[in-house]
Amino acid sequence: MPHDPNDSFVHVRGASEHNLKNIDVDLPRDAMVAFTGVSGSGKSSLAFGTLYAEAQRRYFESVAPYARRLLQQVGAPHVQEITGLPPAVALQQRRGAPTSRSSVGTLTTLSNLVRMLYSRAGTYPAGASRLGAEAFSPNTAAGACPRCQGLGEEHDVSEELLVPDTSLSIREGAIAAWPGAWQGANLRSIVAGLGIDVDAPWRSLTAKDREWLLFTDEQPKVLIKPERDRIDHGYYGLFWSARAHVHHVLATSKSQMMRDKAMRFVRSAACSLCHGTGLRADSLTVTFRGLSIAETNALSFVELRALLRPVAELTEVGAATSSADSGEATEVAVRLCTDLVERIQVLLDLGLGYLSLGRTSTTLSPGEAQRLRIATQLRSGLFGVVYVLDEPSAGLHPADAKPLLDVLDVLKGAGNSLFVVEHDLDIVRRADWVVDIGPGAGEHGGQVLYSGPIAGLEHVEASVTGKYLFGRAEPLERPQRTPHGWLHLHGISRHNLSGVSVEVPLGVLTAVTGVSGSGKSTLVTQVLAELVRRHLGQAPDDAEDSELEIDVDDATGLEAFDRLVRVDQRPIGRTPRSNLATYTGLFDAVRKLYAATPEARERGYGAGRFSFNVAEGRCETCQGEGSVSVELLFLPGTYAPCPTCHGARYNAETLEIVYRGKTIAEVLGLSVDEAADFLADLPAAARSLTTLREVGLGYLRLGQPATELSGGEAQRIKLATELQRARRGHALYLLDEPTAGLHPADIALLLRQLHRLVDAGNTVVLVEHDLDTIVSADWVIDLGPGGGDHGGQVVATGTPEEVARVEGSVTAPYLAARLVSHSEGR
């Protein structure tokens, strides 16, 4: 059907992507449309899976076939027809792991301009040749430091890590990095054969011997004579120094456990050649306004704008000349600085002035990364497109939401449409139109409850969003609890925390608040987590944790904790083979259940037969993946259901075993809600399923791949897994923005579970922006007053009511207003 050019609506007909139930909906163009509904209701399936996917499909059809191979494609959506749909740009919260080579500068493309500025307008040493822009990038062969390949870090071992206790002898295990068991005994025999005393304390050995044992690259072969109780014949043993052994394990071992052990002896330090800049020496000799490019990359955006503004404001400039030693007053410099200052201003407007060009993207929150992409789009000058945004308010303090809304208004004013998936009701209230999907999640959602101006949603009885939007939802009751002790931290220094002292109450729920960049995550997920981890003697979660340098003058009260539990938004697995059922452990119980059926016992099938990761039971065509890669001529490869098992993952013989009429593949296809009924009499599975439902994840499928889960869903799965364990003792639970990506109704569910943990005698500390969550806390620690160098101080502490009255706290007025609305709601 041809589109009427005078029709200002996008018309969607028969959308059935994921859980959408063949829906029809009309959406206005040149407006801000908010998509609302509980988590898992189908909002993203409509906004991203249908509208954006269809816009992309149409765009790809217009591209030459050979060029399509270079583009990241999305599949064609399940929809009968969409008319009036403009080209679309997606601004999603990408949850994949960014690389350490990606930075704020590369995300925003500002680094390209800065490198050009240094190349064309920098001040060069006398006689130095002018360098190309690529020479100022650590990610190119022309610019990367030859020692660290542009990473800015060297990874190596040190004596204090390799030998933690110098009073021990080699026989007693002084060299902790060496292997144990037979290999360790073998090395001791070799050392003894070399004439070094293996029974003397390490500290009494000569410096020369200690250095050689730990760091030599030599590998002498030593004749080992027969030893009683160990070897009955002689042989030649090969020597490995401690460092050589560690490097060998990291380079060749396929055992993650061995690699993790080896990483404990590795320390990362700034590269001794480039001093952490990642750049070649000649690139660092070029300056602009007295600073090298490494120094410029380290400036906050506020400082960078101040540095460049004087050049941008020059009016009388000379012609740019490539032979000039300094081009700081040339037309090239003025144009580049003007463009940079304008782009940086957008970042300041979005509350990101505390970030720097050189900050690695691995340290950014999803909300920060999305705002950086929004800022980049503002400068693109596009109009007549649909911007599809994924919770742009995620990770934002209420004070940061206003500048975000102003920026969205600019995008809309430029003639664009904004389709925004959002849970923040203050953002939703600013929309011109709301599409509410529900009424529940998963199979209980997927219907359009309402599509129209905001006011009309008030009268839709089935809408959970409407209840919260118009104040009809019951506020969460807050238990009146008092701390039963305190954790005292004095003189904390890390990132922008400088000499800060904090007191954390025990046995209650504490919310750590403050604007973006104020130091909340540094305090909770780094300082607090690391201090407790080391006190308990726990191994680090990953190599990054083992390298944290925490500077604290004094810490008392750590002995109160028996356990540390970090519940973060990192994925529960990095491949589709990891899923909800395998992560929680409930799949072990299900596999045993199938192995115990009469038919399975008769055939001799054990529990391993019902794992799609084991050769005997899985489909060999797809190796248990459920899909196969299909190579297409002139097109990028794609995935299609396996032609043998049709996505079931198992071979035909395995699927002949049924329990209550269902194969194990069909059980993996059940939602948590459905599985709770089906497996109600299997205690090990029922316990997991109950806690998953209690945190609002009843809509997820048991076999849903980890790669399809949002950060918020991954975090709630971890919390549910923790809740199902019967544990004693006092645990410290640390959570970083647990409400991110959650509907207010789901937040209420989550908070009940967190309060359950506290009522069981534990301490919960969470980084949070959501005002309802903060109001429900027993204690608040407010950091600030600003972000970056303007933050890092404790502005207020106390109950939510006490913090709401503190002058100078950016959080206080928002907290006060929410407390008033809660009291009125009661």
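Residues numbered from 1 in each chain as written. Predicted model: local features only at pLDDT ≥ 70, side-chain atom pairs only at ≥ 80, totals over all residues. Heavy atoms only, no water.

- If you look the protein up in an unreviewed UniProt entry, it shows as UvrABC system protein A from Sanguibacter gelidistatuariae.
- Comment text from UniProt for the protein, heading Subcellular location (unreviewed entry), reads "Cytoplasm".
- Under the heading Sequence similarities (unreviewed entry), UniProt records this for the protein: "Belongs to the ABC transporter superfamily. UvrA family." (UniProt positions renumbered as here; feature names shortened; annotations may be inferred.)

## Describing the overall build of the protein
Here's step 1: Along its length, the protein carries 30 helices and 26 strands.
Here's step 2: Expressed as lengths along the three principal axes of its C-alpha atoms, the size of the protein is roughly 90 × 90 × 65 Å.
Here's step 3: A total of 826 residues make up the protein; the buried ones form 52% of that total.
Here's step 4: Here the analysis covers contacts within the protein between residues at least 6 apart in sequence; of these, 68% occur between residues at least 24 apart.
Here's step 5: Carbon and sulfur atoms make up 51% of the accessible area of the protein, which amounts to about 36700 Å² in all. (Helix = DSSP H or I, 4+ residues; strand = E, 2+ residues; numbered from the N terminus. Buried < 20%, exposed > 50% of the residue type's maximum accessible area, 1.4 Å probe, protein only. Contact = heavy atoms within 4.5 Å. Areas by Shrake-Rupley, 256 points an atom, 1.4 Å probe, with all protein chains shown as cover.)

## Examining empty space enclosed by the protein
Here's step 1: With the rule as written, the count across this model stands at four cavities of 30 Å³ or more.
Here's step 2: What the largest cavity holds in volume is close to 60 Å³.
Here's step 3: If you trace the largest cavity, you find it lined by Thr108, Leu110, Arg343, Leu347, Ala375, Thr376 and Arg379.
Here's step 4: Elements with a contribution of two residues or more to the lining of the largest cavity: helix 13 (331-349) and helix 14 (366-378).
Here's step 5: Class assignment for the residues of the lining of the largest cavity results in three nonpolar, two polar and two charged.
Here's step 6: Taken domain by domain, the lining of the largest cavity gets at least three of its residues from each of domain 1 (9-94 + 364-470) and domain 2 (104-151 + 275-350).
Here's step 7: Each pocket or cavity is described by its volume, and for the second largest cavity that value is around 40 Å³.
Here's step 8: Around the second largest cavity, the lining residues are Gly514, Val515, Asp782, Leu783, Gly784, Pro785, Val795, Gly808, Ser809, Val810 and Thr811.
Here's step 9: Here the lining of the second largest cavity takes three residues from strand 25 (residues 779-784), the largest share from any one element. (1 Å grid on protein atoms, 1.4 Å probe; cavity = no way out; pocket = protein on both sides within 12 Å on 5 of 7 lines; lining within 4 Å. Points joined across faces, edges and corners; volume = space filled by probe spheres on them. Nonpolar A, V, L, I, M, F, W, Y, C, P; charged D, E, K, R; others polar. Domains from an automatic or database assignment.)

## So, the state of the cysteines
Here's step 1: This model, assessed by the stated rule, comprises zero disulfides.
Here's step 2: Unpaired in this structure, Cys145 has its nearest cysteine sulfur neighbour in Cys148, at a distance of 3.8 Å. (Disulfide = S-S within 2.5 Å.)

## Things to note about the sheet that holds strand 18 (residues 509-513)
Working definition: the strands of a sheet are paired by backbone hydrogen bonds and lie parallel or antiparallel to each other.
Here's step 1: The sheet built from six strands is open, its strands ordered 20-23-24-18-25-26 with mixed pairing. Since the sheet does not close on itself, it has two edges, and those belong to strand 20 (563-567) and strand 26 (793-798), each with one partner. The average undirected angle you get between the axes of adjacent strands in this sheet is 15°.
Here's step 2: In this structure, strand 18 lies alongside strand 24 (residues 763-767), joined through four bridges in parallel fashion. The residue of strand 24 that forms the bridge with Thr510 is Val765.
Here's step 3: Packed onto the sheet, helix 26 (residues 711-723) meets strand 20 and strand 23 (731-736) and runs at close to 150° relative to strand 20.
Here's step 4: Those strands touched by helix 27 (residues 744-759) are strand 18, strand 23 and strand 24, and its axis lies near 145° from that of strand 24. (Pairing = 2+ DSSP bridges. Axes fitted to C-alpha atoms, helices over the stretch in contact; angles between N-to-C directions.)

## Side note on the sheet that holds strand 15 (residues 447-452)
Here's step 1: With mixed pairing, the six strands of this open sheet are ordered in space as 5-12-13-3-14-15. Two strands in the sheet have a free side with no partner beyond their single neighbour: strand 5 (88-91) and strand 15. Here the strands of the sheet are splayed against their neighbours by 15° on average, with no regard to which way each runs.
Here's step 2: As paired elements, strand 3 (residues 32-36) and strand 14 (residues 433-438) share four bridges and run parallel to each other. Across the sheet, Phe35 pairs through a bridge with Val435, a residue of strand 14.
Here's step 3: Sheet contacts for helix 1 (residues 43-61): strand 3, strand 5, strand 12 (386-390), strand 13 (417-421) and strand 14; angle to strand 5, the most-contacted strand, approximately 135°.

## Some thoughts on the confidence of the model for the protein
Here's step 1: On average, residues of the protein score 87 in pLDDT, and 91% of them are at 70 or above.
Here's step 2: Predicted confidence is poor over residues 316-324, with pLDDT under 50, and the contacts of this stretch with residues over four places away or in other chains come to 14 contacts. (pLDDT = per-residue confidence, 0-100.)

## Remarks on the pattern of salt bridges
Here's step 1: Evaluation of the coordinates by the stated rule reveals 25 salt bridges.
Here's step 2: One salt bridge in this structure joins Asp588 and Arg591, with 3.0 Å as the shortest N-O distance. Separated by three residues within a single helix, Asp588 and Arg591 lie in helix 21 (residues 586-595), roughly one turn from each other.
Here's step 3: With relative accessibility at 16%, the residue Arg591 sits in the buried group.
Here's step 4: Salt-bridge contacts for Asp673 lead to Arg693; the nearest nitrogen and oxygen are separated by 2.9 Å. Placement of the pair is Asp673 in helix 24 (residues 672-678) and Arg693 in helix 25 (residues 683-694), with a sequence separation of 20 residues.
Here's step 5: Judged by relative accessible area, Asp673 falls into the buried class, the value being 18%.
Here's step 6: Assessed through its relative accessible area of 38%, Arg693 is described here as partly exposed.
Here's step 7: The network of salt bridges with common partners includes Glu54, Arg57 and Arg58. (Salt bridge = Lys/Arg side-chain N within 4 Å of Asp/Glu carboxyl O.)

## Here's the deal with the pairing of strand 20
Here's step 1: Counting buried residues along strand 20, five of its five residues qualify, which places the element largely inside the surrounding structure.
Here's step 2: Residues Arg563, Val565 and Val567 of strand 20 are buried on one face, and the alternating residues Leu564 and Arg566, pointing to the opposite face, are buried as well.
Here's step 3: Relative to strand 23, strand 20 is paired through five bridges, and the arrangement is parallel. Its bridge partner being in strand 23, Val565 is matched across the sheet by Tyr733.

## Concerning the packing of aromatic side chains
Here's step 1: Going through the model one piece at a time under the given rule, you end up with 13 aromatic pairs.
Here's step 2: Ring centres of Phe9 and Trp433 lie 5.7 Å apart, and the angle between their planes is 70°; this geometry places the pair in the edge-to-face category. Of the two residues, Phe9 sits in strand 1 (residues 9-15) while Trp433 sits in strand 14, which places them 424 residues apart along the sequence.
Here's step 3: Classification of Phe9 as partly exposed rests on a relative accessible area of 25%.
Here's step 4: When its relative accessible area of 16% is taken as the criterion, Trp433 is described as buried.
Here's step 5: A centroid spacing of 5.8 Å and a plane angle of 50° characterise the contact between Tyr594 and Phe610, whose relative ring orientation is tilted. Linking Tyr594 in helix 21 with Phe610 in the loop between helix 22 (598-603) and strand 21 (627-632), this pair joins segments that are 16 residues apart in sequence.
Here's step 6: Its guanidinium or amino end placed over the ring of Tyr605, Arg609 lies 4.1 Å from that ring's centre, counting from NZ or CZ. (Phe/Tyr/Trp six-rings, centres within 6.5 Å; stacked < 30°, edge-to-face > 60°. Lys NZ or Arg CZ within 6 Å of the ring centre and 35° of its normal.)

## A few points about the environment of Val385
Here's step 1: Position of Val385 relative to the elements: it lies in the loop between helix 14 and strand 12.
Here's step 2: A C-alpha to C-alpha distance of 48 Å links Val385 and Val614, two positions 229 residues apart in sequence.

## Overview of helix 27
Here's step 1: Taking 1.5 Å of rise per residue, the 16 residues of helix 27 would be expected to cover 22 Å, and the 22 Å separating its terminal C-alpha atoms lies within 8% of that figure.
Here's step 2: Looking only at helix 27, the buried set comprises Pro744, Ala745, Asp746, Ile747, Ala748, Leu750, Leu751, Gln753, Leu754, His755, Leu757 and Val758.
Here's step 3: Within two residues after helix 27, Gly761 carries a phi angle of roughly 100°, on the positive side. (Expected span 1.5 Å × (residues − 1).)

## Remarks on unusual backbone geometry
Comment: phi is negative for the bulk of residues other than glycine, and the bulk of peptide bonds are trans.
Here's step 1: The amide bond that connects Gly438 to the next residue, Pro439, takes the cis arrangement and shows omega of 5°.
Here's step 2: Of note, Pro439 is situated in the loop between strand 14 and strand 15.
Here's step 3: At Arg660, a residue that is not glycine, the phi angle is positive and equals roughly 50°.
Here's step 4: Relative to the assigned elements, Arg660 resides in the loop between strand 22 (635-641) and helix 23 (664-668).

## Things to note about the environment of His155
Here's step 1: Within the secondary structure, His155 sits in strand 6 (residues 153-157).
Here's step 2: Distance from His155 to Cys271, taken between C-alpha atoms, is 8.7 Å for residues 116 residues apart in sequence.

## Some details on the side chain of Arg481
Here's step 1: Take Arg481: it is sitting in the loop between helix 17 (464-469) and strand 16 (486-494).
Here's step 2: Taking relative accessible area as the criterion, Arg481 reaches 18% and is therefore assigned buried.
Here's step 3: Engagement of the side chain of Arg481 in a polar contact is seen with the side chain of His755, the distance being 2.5 Å. (Polar contact = N/O pair within 3.5 Å; in protein donor to acceptor, adjacent residues only side chain to side chain.)

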